[in-house]
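One-letter residues, chain by chain:
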Amino acid sequence: MKLPLLVTLTLMAAAVTPAAGATKINATPYTTLGISGSHGAEMLSDGDLKTYFRASRANYAWCGLDLGDRYVVTSLKFAPASILTHVLGMFEGADNRDFSDAIPLQIITGNAQTGKLTELAVTCSRGVRYVRYVGPADSYGALAELEVWGNKGAGDDSRLWQITNLPTVIVNTVNAQEPYDKVNEIAGTITVIAENGSYILSEPGGIRLRGNASMGFPKKPYRLKFEKKQRILPDAPAKAKKWTLINNYGDKTLMRNMLAFDAAKAFKMEYVPFCQPVDVVLNGEYKGCYQLCDQIDVNKNRVNIDEMEPTDISGDNLTGGYFFEIDAYADQEPAGTWFTSNRYALPITIKSPDEDKLQPAQRNYIRNYFNSLENEFPHEDSYTSVPGEGYHRVFDTKSFIKHMLVNEIAANTDAYWSTYMYKHRNDPVIYTGPVWDFDLGFNNDNRTYPVQTVTRDSWLWNSNVSSAAGSMRYFAQRVLVKDRNTVQEIKDIWNRARHNGMTTNWFQGLCDKYAAEMDASQKLNFMRWPILTENVHLNPWIDYSHATYASEVQRVKVYFGANMPNLDRLAGYDPDWVDPNPEENDPDSGIMTPEVTSHCVIFALDGRMVFSGDIDSEMPQLAPGVYIIRRGNATRKIIVR
């Protein structure tokens, strides 16, 4: 998706030039959560900046204005109730009185003075009848005064407002109910605004919590489910009902999953999940910067296998497709959807067929098939397998190796805590993938930090500090260590990616690219969740007292420089390596090299576009400062002195 790198971060403006003909709109205040009397909704427009509205609950508290008709809002004037209770407060517009169709109009990103009106420009082109202020968490929605200025009319959807340059995902649930577990789905409306406000998707759906350990963090992870299949963003490959919002609470760079997915693309794994950083609003409250990702499920643009029906219980139909997970949490799944393998005691959860479709015959088939795979492994401590024979007849080593190498690049301690695999119909081979869950990767795990000391002598997965489901480490040893033929296969797969451009500099460039793309959003995220200087989840035991977003990104860049030489040694990197299978080296897939173009766009850090043109023939005159330059799909920061 082609997005402007930065847009204005909605900073407080001392003066806003009103749109032509804009007038102050006479509006009626109301709320469903107010305290009557001295803190009632009427305080919102009584002209007294010393009185204020205060709701009866601390969170998701709001006060609104009924404009009487639809208006295109051009500016908002507000006075805070106190100096500390309004930062990240959200202003929304809607056509429904209950704000079930609310879209954002503005967000407060800095302290405003009490006792005076502060004005914010609004650039949303849609006309709305209702405007509300939703206070940040624990603020009781307190607000002293609110004025709405604009022009009467329905407007249009030509340019809606995004919180930053990233897409904005808005979820409004029925009765503003907050998701509370990963079983019960809360109904509502899911809205996505992207492409600088020119793209909008708004459809009925639901939301619930997701994840395991991540579900216990203050910043919650969510699963979205539309009533009908949707392509949630224009460049999302899959049209599907289910999507995930990854919270990345312990990943202070907010990019570790994306870096791992880029590594998977470099190895040309069959399926790599779609991932896009976004800003999230739930029932009017800003929740932070998330990663919008595929739900890992069966789909022609996700895990592309036949989706089985309850009637597929015999013949060729019984042979697939199956999607399953070697899963340390399997025993927490419903009975009948998981089993333990015979030889290596691997806990395996069947992901597809779904629980409500899975038949006993199907469960028995994949259980027996996996057990037969385990029985194919030789018992010798070291052996040389023959391609196409033995366990190779029922197991694909290439995808298993690629999965391992991605996890090693990411230094994922939990590589074999959860491992996805799948089997096609009428195909005897079990494949491994996709990769998933890297918030603890890239030296972000106190159990293995600093990981480069572990990988001097051994793959991380094969060390005594890694975690695994059942005897998954022993299963992996049979494939990756004991089989001398596989050792050469690892070398070829590693060298192919390295010679195609998977270098330390490439990874470090991705860090800079993502940091620039998420700069505006990460600032808001860490206003909402001020944890940069704290040790959270399994962060390494280091001094965070002076940590910044930039320093966290730099830690990942340093990690690549320190650990890539270890991986080169373990995998057998050879600068003079010659590809024995050049047909596998498809230049149109894998690593994306920067697009070569003379056209560039330059943005100031406040989001203003200051130049767009042919930089080879027209050098822009820039005032001293820091700028972001985008040339093709390459992005970098420049300093003009």
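Residues numbered from 1 in each chain as written. Predicted model: local features only at pLDDT ≥ 70, side-chain atom pairs only at ≥ 80, totals over all residues. Heavy atoms only, no water.

Engineer: Sorry, what's going on with the overall build of the protein here?
Structural biologist: Along its length, the protein carries nine helices and 24 strands. The C-alpha radius of gyration of the protein comes to 27 Å, within 12% of the 26 Å expected for a compact globule of 641 residues. For the protein, the spread of C-alpha atoms along the principal axes amounts to about 85 × 60 × 45 Å. Within the protein, the proportion of its 641 residues that are buried is 56%. Taking contacts inside the protein between residues at least 6 apart in sequence as the whole, the part at least 24 apart equals 72%. Here the protein has roughly 25800 Å² of accessible surface; of this, 49% comes from carbon and sulfur atoms. Computing the positive centroid from 65 side-chain charges and the negative centroid from 76, the protein places the two 2 Å apart. (Helix = DSSP H or I, 4+ residues; strand = E, 2+ residues; numbered from the N terminus. Rg over C-alpha atoms; globule rule 2.2 N^0.38 Å. Buried < 20%, exposed > 50% of the residue type's maximum accessible area, 1.4 Å probe, protein only. Contact = heavy atoms within 4.5 Å. Areas by Shrake-Rupley, 256 points an atom, 1.4 Å probe, with all protein chains shown as cover. Lys, Arg positive; Asp, Glu negative; His and termini not counted. Charge placed at Lys NZ, Arg CZ, Asp CG, Glu CD.)

Engineer: So what exactly am I meant to see when it comes to the sheet that holds strand E20 (residues 430–432) here?
Structural biologist: Two strands in a sheet stick together by hydrogen bonds in their backbones, pointing the same way (parallel) or opposite ways (antiparallel). The strand order across the open sheet formed by five strands is E17-E18-E16-E19-E20, and the pairing between neighbours is antiparallel. Either end of the sheet is taken by a strand with one partner, and the two such strands are strand E17 (338–340) and E20. Geometrically, the sheet is characterised by an average inter-axis angle of 30 degrees between neighbouring strands, direction not taken into account. When strand E16 (residues 322–327) meets strand E19 (residues 418–423), the two strands line up antiparallel, connected through six bridges. What sits directly across from Ile 326, in E19, is Thr 419. Each of E16, E17, strand E18 (347–352), E19 and E20 touches helix H2 (residues 360–375); the most contacted strand, E16, lies at about 60 degrees to it. (Pairing = 2+ DSSP bridges. Axes fitted to C-alpha atoms, helices over the stretch in contact; angles between N-to-C directions.)

Engineer: Got a minute to help me understand helix H6 (residues 484–499) in this structure?
Structural biologist: Since the α-helix advances by 3.6 residues per turn, residues separated by three or four positions end up pointing in the same direction. Over its 16 residues, H6 runs 23 Å from end to end, which matches the ideal 22 Å to within 8%, given 1.5 Å per residue. If you check which residues of H6 are buried, you get Thr 486, Glu 489, Ile 490, Asp 492, Ile 493, Trp 494, Asn 495, Arg 496, Ala 497 and Arg 498. Considering only its buried residues, H6 is in contact with helix H1 (256–266), helix H3 (397–409), helix H5 (472–480) and helix H9 (549–571). The residue sitting at the N-terminus of H6 and contributing the capping side-chain oxygen is Asp 483; that oxygen lies 3.0 Å from the backbone nitrogen of Asn 485. In the segment just after H6, Gly 501 is the residue with positive phi, at about 115 degrees. (Expected span 1.5 Å × (residues − 1). Polar contact = N/O pair within 3.5 Å; in protein donor to acceptor, adjacent residues only side chain to side chain.)

Engineer: What is the right way to read the packing of aromatic side chains from this model?
Structural biologist: Each aromatic ring pair is described using two quantities: the centre-to-centre distance and the angle formed by the ring planes. Evaluated as defined, the whole model comprises 37 aromatic pairs. On the numbers, 5.5 Å between centres and 65 degrees between planes, the contact of Tyr 344 with Tyr 474 is edge-to-face. Of this pair, Tyr 344 sits in the loop between E17 and E18 while Tyr 474 is found in helix H5, placing the two residues 130 residues apart along the sequence. Classification of Tyr 344 by relative accessible area gives buried; the value is 4%. Ring geometry for Phe 400 and Phe 475: centres 6.0 Å apart, planes at 70 degrees, overall edge-to-face. In this pair, Phe 400 sits in helix H3 while Phe 475 sits in helix H5, placing the two residues 75 residues apart along the sequence. Its relative accessible area of 0% is what places Phe 400 among the buried residues. In this structure an aromatic cluster arises from ring pairing among Phe 324, Tyr 344, Phe 370, Phe 377, Tyr 391, Phe 395, Phe 400, Tyr 416, Trp 461, Tyr 474 and Phe 475. (Phe/Tyr/Trp six-rings, centres within 6.5 Å; stacked < 30°, edge-to-face > 60°.)

Engineer: Looking at this structure, I do not really get the pairing of E18. What am I missing?
Structural biologist: Remember that side chains alternate between the two faces of the sheet whenever the strand is regular. Counting buried positions over the six residues of E18 gives five, a clear majority of the element. Examined bridge by bridge, E17 and E18 share three bridges and lie antiparallel to one another. Within E18, the residue paired with Thr 340 across the bridge is Pro 347. Connecting E17 to the antiparallel partner E18 that follows it, the hairpin turn spans six residues, and Ala 345 within it adopts a positive phi of roughly 50 degrees.

Engineer: Any chance you could explain the side chain of Glu 408 here in plain terms?
Structural biologist: Structurally, Glu 408 can be placed in helix H3. Although Glu 408 lies buried, it forms no salt bridge, and the closest oppositely charged side chain, Arg 473, sits 9.4 Å away as judged by the N-O distance. Apart from residues no more than four positions distant in its own chain, Glu 408 is found in contact with Thr 455, Trp 459, Leu 460, Trp 461, Tyr 559, Asn 563 and Leu 567. (Salt bridge = Lys/Arg side-chain N within 4 Å of Asp/Glu carboxyl O.)

Engineer: Sorry if this is basic, but what is going on with the pattern of salt bridges here?
Structural biologist: Two side chains with opposite charge may pair up if their charged atoms get near one another. In this structure the tally under the stated criterion is 27 salt bridges. The partner of Glu 489 in a salt bridge is Lys 398, and the shortest N-O contact between them spans 3.3 Å. Taken together, the positions of Glu 489 in helix H6 and Lys 398 in helix H3 put the pair 91 residues apart, joining distant regions of the chain. For Glu 489, a relative accessible area of 13% corresponds to the buried category. Residue Lys 398 is classed as partly exposed on the basis of its relative accessible area of 31%. Each member of the salt-bridge network shares a partner with another, and the members are Asp 66, Arg 97 and Arg 129.

Engineer: Before we go on, may I ask you to explain the side chain of Lys 252 in this structure?
Structural biologist: Within the secondary structure, Lys 252 is located in the loop between strand E13 (240–246) and H1. Here Lys 252 is buried and forms no salt bridge, its nearest opposite-charge partner Glu 552 lying at an N-O distance of 5.2 Å. For Lys 252, the contacting residues outside a window of four places in its chain are Phe 526, Ile 531, Leu 532, Glu 534, Asn 535, Val 536, Asn 539, Tyr 544, Tyr 549 and Glu 552.

Engineer: How do you make sense of H2 when you look at a structure like this?
Structural biologist: Over its 16 residues, H2 extends 22 Å from the first C-alpha to the last, a length consistent with the 22 Å expected when each residue adds 1.5 Å. Taken residue by residue, H2 has Gln 362, Arg 363, Tyr 365, Ile 366, Tyr 369, Phe 370, Asn 371, Leu 373 and Glu 374 as its buried positions.

Engineer: Sorry if this is basic, but what is going on with a positive patch on the surface here?
Structural biologist: There is a patch of like positive charges on the surface, built from Lys 229, Arg 231, Lys 239, Lys 241 and Lys 300. Mapped onto the secondary structure, Lys 239 falls in the loop between strand E12 (222–230) and E13. Judged by its relative accessible area of 47%, Lys 239 is partly exposed. (Patch = residues over 30% accessible without salt bridge, like charges linked within 9 Å, V, L, I, M, F, W, Y side chains within 5 Å.)

Engineer: Before we go on, may I ask you to explain the sheet that holds E12 in this structure?
Structural biologist: Taken in spatial order, the seven strands close into a barrel running E9-E10-E11-E12-E13-E15-E14, and their pairing is mixed. Pairwise comparison of adjacent strand axes, ignoring direction, gives a mean angle of 35 degrees for this sheet. Packed onto the sheet, helix H8 (residues 519–528) meets strand E14 (275–282) and strand E15 (285–294) and runs at close to 125 degrees relative to E15.

Engineer: It is not clear to me how the packing of H6 against H9 should be interpreted in this structure. Could you clarify?
Structural biologist: Here H6 crosses H9 at 140 degrees, and the two axes come no closer than 9 Å. Considering the angle they form, H6 stands oblique to H9. The residues of H9 that touch H6, namely those facing Ile 490, Lys 491, Trp 494 and Arg 498, are Met 564, Leu 567, Asp 568 and Ala 571. Here the contact of H6 with H9 is built from residues that sort into five nonpolar, no polar and three charged. (Parallel < 35°, antiparallel > 145°, perpendicular 65-115°, else oblique. Nonpolar A, V, L, I, M, F, W, Y, C, P; charged D, E, K, R; others polar.)

Engineer: Teacher, can you tell me more about the state of the cysteines here?
Structural biologist: Two cysteines, two sulfur atoms, one covalent bond between them: this is a disulfide. Counting across every chain of the model gives zero disulfides. The closest cysteine sulfur to the non-disulfide-bonded Cys 124 is located on Cys 63, 19 Å from its own sulfur. (Disulfide = S-S within 2.5 Å.)

Engineer: Teacher, can you tell me more about the environment of Val 481 here?
Structural biologist: Counting through the fold element by element, Val 481 comes out in the loop between H5 and H6. A relative accessible area of 37% means that Val 481 is categorised as partly exposed. Placed 19 residues apart in sequence, Val 481 and Asn 462 show a C-alpha to C-alpha distance of 9.2 Å. Leaving out residues up to four positions away in the same chain, Val 481 has contacts with Trp 461, Asn 462, Ala 476 and Val 487.

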